[in-house]
Amino acid sequence: MPPRVAWRPGSGHFAGGDAFRRLRYEHDRACDSLASIKTPATAQLVFKHDDFAQELLIAPAARSHLARHRQCFRWSKEAGGQLFGVVSDKAVCILEANGPGPRDERTRVSFRSDPVVAQRNIDLRADRGMLYLGEWHTHPEAQPVASAMDIDAFSRLLRQSEVRVSSLLLVIQGTENGPPGITVYSGQAADIKKWALKI
Ligand SMILES: [Zn+2]
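Computed from a prediction, not measured in an experiment: that's the story for all the values here.

Asks: How do you make sense of unusual backbone geometry when you look at a structure like this?
Replies: What is expected of a backbone is that most residues other than glycine have negative phi and most peptide bonds are trans. Cis geometry marks the peptide bond from Gly 99 to Pro 100; its omega dihedral reads -5 degrees. If you trace the backbone, Pro 100 turns up in the loop between β4 (91–97) and β5 (105–107). Although it is not a glycine, Ala 189 adopts a positive phi angle of roughly 55 degrees. The residue Ala 189 is located in the loop between β9 (182–188) and β10 (191–194) in this model. Look at Ala 189 and you get exposed, because 10 C-beta atoms sit within 10 Å.

Okay, structure coming up:
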């Protein structure tokens, strides 16, 4: 059995800058249901990975925030931001997702958080006992897959950020509502893993 990695609680420092510049070129696809954009999620999502002792939970509030920013129109720009929550022996819980902000750089196929605002948000959450857990952004595809540039940017974030958790998350929200529309990766140093939805 591979070693199980415990995530260590703590606040974080966002590398920002060019570490999270992303560019992608993918096909357009409309959302499955436009009405669903305004319908808040009522259930948490649970993901798992054999290398980790903890499960990963995405609370309804965070889920709903991501779902609201799905790129359902041809003119929808990518959205994104930071993920916050808590870590216990049993689970890593994403309780809150923020962003995008007015100073973020956004196009149809790229998103870059304003690093100053991102760091301020991380510090504010730390004061409330919330940990910086990683980053999220949207893709204009139904079931999103991290692009090569996403992986490159995530790798740089992992190298450059001084975080007190042992792993960071990259969550991508596609156009599809519900679990297949969300893809979760965790990263620790150069090791990036894709998580599976727990049925
Ligand atoms: Zn991406």
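Asks: Can you walk me through helix α3 (residues 148–160) in this structure?
Replies: Note on helix geometry: an α-helix contains 3.6 residues per turn, so any two residues three or four positions apart are oriented the same way. When the terminal C-alpha atoms of α3 are compared, their 18 Å separation across 13 residues agrees well with the 18 Å that a helix rising 1.5 Å per residue should span. In the core, the buried residues of α3 are packed alongside β7 (131–138), β8 (168–173), β9 and β10.

Asks: Honestly, the sheet that holds β8 in this entry has me stumped. Any pointers?
Replies: In a beta sheet, neighbouring strands pair by backbone hydrogen bonds and run either parallel or antiparallel. Here we have 9 strands laid out as an open sheet, ordered β10-β9-β8-β7-β3-β4-β2-β1-β11, and mixed in their pairing. Pairing within the sheet leaves two strands with one partner each, and these edge strands are β10 and β11 (196–197). Two strands pair when backbone bridges link them, and strand β1 (residues 45–48) and β11 are joined in this way by 2 bridges, in the antiparallel orientation. Paired with Phe 47 across the strands is Leu 197, a residue of β11. Sheet strands in contact with helix α1 (residues 60–68) are β1, β2 (55–58), β4, β7, β8 and β9, and its direction is about 50 degrees off that of β4. Against the sheet, α3 engages β7, β8, β9 and β10, with an angle of about 155 degrees to β8.

Asks: What exactly am I supposed to notice about the environment of Leu 133 here?
Replies: One can find Leu 133 in strand β7. Owing to 30 C-beta atoms within 10 Å, Leu 133 belongs among the buried residues under this scheme. Here the alpha-carbon distance between Leu 133 and Leu 168, two residues 35 residues apart in the chain, equals 5.5 Å. Excluding residues that lie within four positions of it along the chain, Leu 133 makes contacts with Leu 83, Phe 84, Gly 85, Val 92, Ile 94, Val 165, Leu 168 and Leu 169.

Asks: Sorry if this is basic, but what is going on with the pairing of β4 here?
Replies: Residues in a regular strand point their side chains to alternate faces of the sheet. As paired strands, β2 and β4 are joined by 4 bridges and run parallel to one another. Paired with Leu 56 across the two strands is Val 92, which belongs to β4. As paired strands, strand β3 (residues 80–87) and β4 are joined by 5 bridges and run antiparallel to one another. Along β4, the bridge assignment pairs Leu 83 with Ala 97. Once β3 ends, the chain turns through 3 residues before running back antiparallel as β4.

Asks: Would you mind showing me how to read the pairing of β9 here?
Replies: The buried fraction of β9 amounts to 5 of the 7 residues, a majority that puts the element mostly inside the structure. Bridge analysis of β8 against β9 gives 6 bridges, and the strand direction is antiparallel. Paired with Gln 173 across the two strands is Ile 182, which belongs to β9. Here 4 bridges tie β9 to β10, and the two strands are oriented antiparallel to one another. Opposite Gly 187, over in β10, you have Ile 192 as the bridge partner. Counting the residues in the hairpin turn of β9 and β10 gives 2 residues, including Ala 189, whose phi is positive at 55 degrees.

Asks: Sorry if this is basic, but what is going on with the nonpolar core here?
Replies: Soluble globular proteins: nonpolar side chains tend toward being buried together. With 37 residues, the main nonpolar core has Leu 83, Ile 94, Leu 133, Leu 169, Val 171 and Val 184 as its most contacted residues. Here this core takes 5 residues from β8, the largest share from any one element. Filtering out sequence-adjacent residues up to four positions away, Ile 94 remains in contact with Leu 57, Ile 58, Ala 59, Ala 62, Leu 83, Gly 85 and Leu 133.

Asks: Looking at this structure, how should I read the confidence of the model for the chain?
Replies: Low pLDDT means the predicted coordinates in that region are not meant to be read closely. Mean pLDDT over the chain works out to 84, with 81% of the residues at or above the 70 mark. Confidence drops under a pLDDT of 50 for residues 17–29, and excluding neighbours within four residues, the segment shows 38 contacts in the predicted structure.

The rules behind each value
- Residues numbered from 1 in each chain as written.
- Predicted model: local features only at pLDDT ≥ 70, side-chain atom pairs only at ≥ 80, totals over all residues.
- Helix = DSSP H or I, 4+ residues; strand = E, 2+ residues; numbered from the N terminus.
- Buried ≥ 20, exposed ≤ 12 C-beta atoms within 10 Å, placed from the backbone.
- Expected span 1.5 Å × (residues − 1).
- Contact = placed C-beta atoms within 7 Å.
- Pairing = 2+ DSSP bridges.
- Axes fitted to C-alpha atoms, helices over the stretch in contact; angles between N-to-C directions.
- Core = buried A, V, L, I, M, F, W, Y, C linked by C-beta atoms within 7 Å.
- pLDDT = per-residue confidence, 0-100.

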